[in-house]
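# Geometric and topological summary
Each chain is listed here by its residues.
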Amino acid sequence: LILSSLPYLQQILTHSRVRDGIWLTPENLREIYAGLKADKDGNGLLSLEEFRLLSNDAFQRFLLQRGVKRSQLVRNSRHTWLYQGKGAHRVLQDIKARVTRLTRLPPTLVDLSEPLQVVRYEEGGHYHAHHDSGPVYPETACTHTRLAANTSTPFETSCRYITVLFYLNSVEGGGETAFPVADNRTYDEVSLIQNDVDLLDTRRNCDKSNLRVKPTKGTAVFWYNYLSDGQGWVGEQDEYALHGGCVVTHGTKWVANKWINIDPDYQRQARYQQLVSQQPEEEDDEGLTLNPDIQSPDIHQDL
Ligand SMILES: O=C(O)CCC(=O)C(=O)O
Ligand SMILES: [Fe+2]
């Protein structure tokens, strides 16, 4: 999308995971463009100019206009991104350094991850339960390594190995982070909705979640979105990492997400790191191996 001024339909579709296993069709996309009046020249594609004319929440407004209720939106919040690299504010660089220490990962992996995402929920805001990361199928590539991958795949997903969620304020009422199936020994996907109780619905059913974390200013939670592959690398998606933000009943809620991006395909991650660092291949593995001194069998840090 960034490289060419005219994103091809196929490129857009590879980004458009609605839910696991469900992707937008070209018809869906045409309908959305028409509803947003985004494709002014009507050629079926969004030029960079047309894209720039879209406001941040155009899509949300479109859904609301179409009769979708706020409570039905997957999320009802606003967010922005804060760069944490060289030249960024000291506090932002410090946060990154603390995430590196907390997760015990090689600094390169944290440096090459997404910027910090800051999220604000107003009273009534929520985020229904979801996975921060997508499942790994052979036909799915990770967004962050896609340019370095020398294969083309029909689908694309964020590969967020770890989530560190910071609570930037203490919320007056509601706004807990709920993990509906954390530690659930008998979990299967069917049981998420039973007898009219939808555990994904964080407006109604947070009280039935196995784990709830109350937002307290200055605290953070972190979890893995993938299991280990047993050999020190990223394996399958961890289904128990399902989580969401319960409805804020009083006040405003501010959080920040730090995601650590790692490709479950080791070779693709290595190629990506080599590409961005412009280092010769032999020196490349440095960022991928862990200092054995800090390796511990009980801690799922692995990499
Ligand atoms: O607001 C929360 O407690 C959870 C936020 C979240 O899951 C996300 O931003 O991906
Ligand atoms: Fe999340």
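Treat the numbers as computed from the prediction; the structure is a model and nothing was measured. Counting restarts for each chain, with residues numbered from 1 along the sequence as it is written. Here chains are named by letter from A upward and ligands by number from 1 upward, in the order in which they appear as written. Whole-chain, interface and lining totals are the exception, using all residues; otherwise, since this is a predicted model, local features are given only for residues with pLDDT of at least 70 and side-chain atom pairs are given and counted only at 80 or more. Hydrogen atoms and water are omitted, and side-chain values are computed over all heavy atoms in the structure.

### What to know about the site of ligand 1
Summary of the distance rule: residues count as near a molecule or strand when at least one heavy atom falls within 4 Å of that molecule or strand. Residues in close proximity to ligand 1 include Y121, Y127, H130, D132, L165, T177, H243, G245, K253, N257 and W259, which together make up its full environment. Polar contact is defined as a pair of N or O atoms within 3.5 Å, subject to the rule that within protein one atom must be able to donate a hydrogen and the other to accept it, and that residues adjacent in sequence are counted only when both atoms are side-chain atoms. Separating an oxygen atom of ligand 1 from a side-chain N or O atom of H130 is a distance of 3.1 Å. Within the side chain of T177, an N or O atom sits 2.5 Å from an oxygen atom of ligand 1. In this text, helices come from DSSP runs of H or I with a minimum length of four residues, and strands from runs of E with a minimum of two, each type numbered from the N-terminal end. Mapped by element, the contributors of at least two residues to the shell around ligand 1 are β5 (127-130), β17 (243-245) and β19 (253-261).

### Comments concerning the domain arrangement of the protein chain
Looking at the protein chain, the domain boundaries give domain 1 (6-68) and domain 2 (75-277). Domain borders in the structure are assigned automatically or taken from a domain database. With centres defined by C-alpha atoms, the gap from domain 1 to domain 2 works out at 24 Å.

### With respect to the sheet that holds strand β10 (residues 177-179)
Strand pairing requires that DSSP identify at least two bridges connecting the strands. Here four strands make up an open sheet; going across it, the order is β5-β17-β10-β13 and the pairing antiparallel. Because the sheet does not close on itself, it has two edges, and the strands there are β5 and β13 (211-213). For this sheet the average axis-to-axis angle between neighbouring strands, irrespective of direction, equals 15 degrees. All axes are obtained by fitting lines to C-alpha atoms, using only the stretch in contact for helices, and the reported angles, taken between N-to-C directions, cover 0 to 180 degrees.

### Some remarks on the coordination of the iron ion (ligand 2)
Protein coordination at the iron ion (ligand 2) comes from H130 (NE2), D132 (OD) and H243 (NE2), with a distance range of 2.1 Å. Read in sequence order, the donor residues coordinating the iron ion (ligand 2) give the pattern H-x1-D-x110-H. By relative accessible area, which is 11% here, H130 ends up buried. Classification of residues uses two cut-offs on accessible area relative to the type maximum, computed with a 1.4 Å probe and protein chains only: under 20% is buried, over 50% is exposed, and between them is partly exposed. Among the residues examined, D132 registers a relative accessible area of 7% and is labelled buried. Donors, by definition, are the N, O and S atoms found within 2.8 Å of a metal, the threshold being 3.2 Å for Na, K and Ca, and water is not counted, so a site can look incomplete.

### Remarks on the packing of aromatic side chains
Only Phe, Tyr and Trp rings are paired, with Trp represented by its six-membered ring, and only when their centres lie within 6.5 Å; those with planes under 30 degrees apart are stacked, over 60 edge-to-face, the remainder tilted. Using the criterion set out here, one finds six aromatic pairs in the structure. Ring geometry for F179 against W223: centres 4.9 Å apart, planes inclined by 85 degrees, an arrangement best described as edge-to-face. Pair noted here: F179 is in strand β10 and W223 is in strand β14 (residues 220-224), with a separation of 44 residues, a long-range link. The exposure class assigned to F179 is buried, which follows from its relative accessible area of 6%.

### Some thoughts on the side chain of T163
By the secondary structure assignment, T163 is in strand β8 (residues 160-167). Separated by 2.8 Å, the side chains of T163 and D132 make a polar contact. In this structure the side chain of T163 is engaged in a polar contact, spanning 2.9 Å, whose partner is the side chain of N225. Only heavy atoms matter for contacts: two residues are in contact if any of them lie within 4.5 Å across the pair. The contact partners of T163, leaving out residues within four places of it in the chain, are D132, V221, F222, W223, N225, N257, K258 and W259.

### Some points on unusual backbone geometry
Within the chain, K37 stands out as a residue other than glycine whose phi angle is a positive 50 degrees. Structurally, K37 can be placed in the loop between α2 (26-36) and α3 (48-53). Its relative accessible area of 61% is what places K37 among the exposed residues. Backbone geometry places D183, a non-glycine residue, at a positive phi of 60 degrees. A relative accessible area of 62% means that D183 is categorised as exposed.

### Overview of the state of the cysteines
Here, two cysteine sulfur atoms that lie within 2.5 Å of each other are counted as a disulfide. On inspection of all chains with the given rule, the structure shows two disulfides. Across the disulfide from C206 sits C246; the S-S distance is 2.1 Å. Here C206 and C246 share a disulfide; its torsion about the S-S bond, -100 degrees, makes the bridge left-handed. Linking C206 in the loop between β12 (197-198) and β13 with C246 in the loop between β17 and β18 (248-250), this pair joins segments that are 40 residues apart in sequence. Both residues of the pair, C206 and C246, belong to the buried class.

### Looking at the pattern of salt bridges
The term salt bridge refers to a side-chain nitrogen of Lys or Arg lying within 4 Å of a carboxyl oxygen of Asp or Glu. Going through the model one piece at a time under the given rule, you end up with nine salt bridges. One salt bridge in this structure joins R90 and D94, with 3.4 Å as the shortest N-O distance. Of the two residues, R90 and D94 both sit in helix α5 (residues 90-103), four residues apart, roughly one turn of that helix. Residue classification places R90 among the exposed positions, given a relative accessible area of 58%. Owing to a relative accessible area of 37%, D94 belongs among the partly exposed residues under this scheme. For R268, the salt bridge identified is with D263, shortest N-O distance 2.8 Å. Under the relative-accessibility criterion, D263 is labelled buried at 0%.

### A look at the pairing of β19
Where burial is concerned, most of β19 is hidden: eight out of the nine residues are buried. Where strand β4 (residues 116-121) meets β19, five bridges bridge the pair, whose relative direction is antiparallel. Among the inter-strand pairings, V119 is bridged to a residue of β19, identified as V255. Across seven bridges, β8 lies against β19 in antiparallel orientation. Counted as the bridge partner of V164 is K258 from β19.

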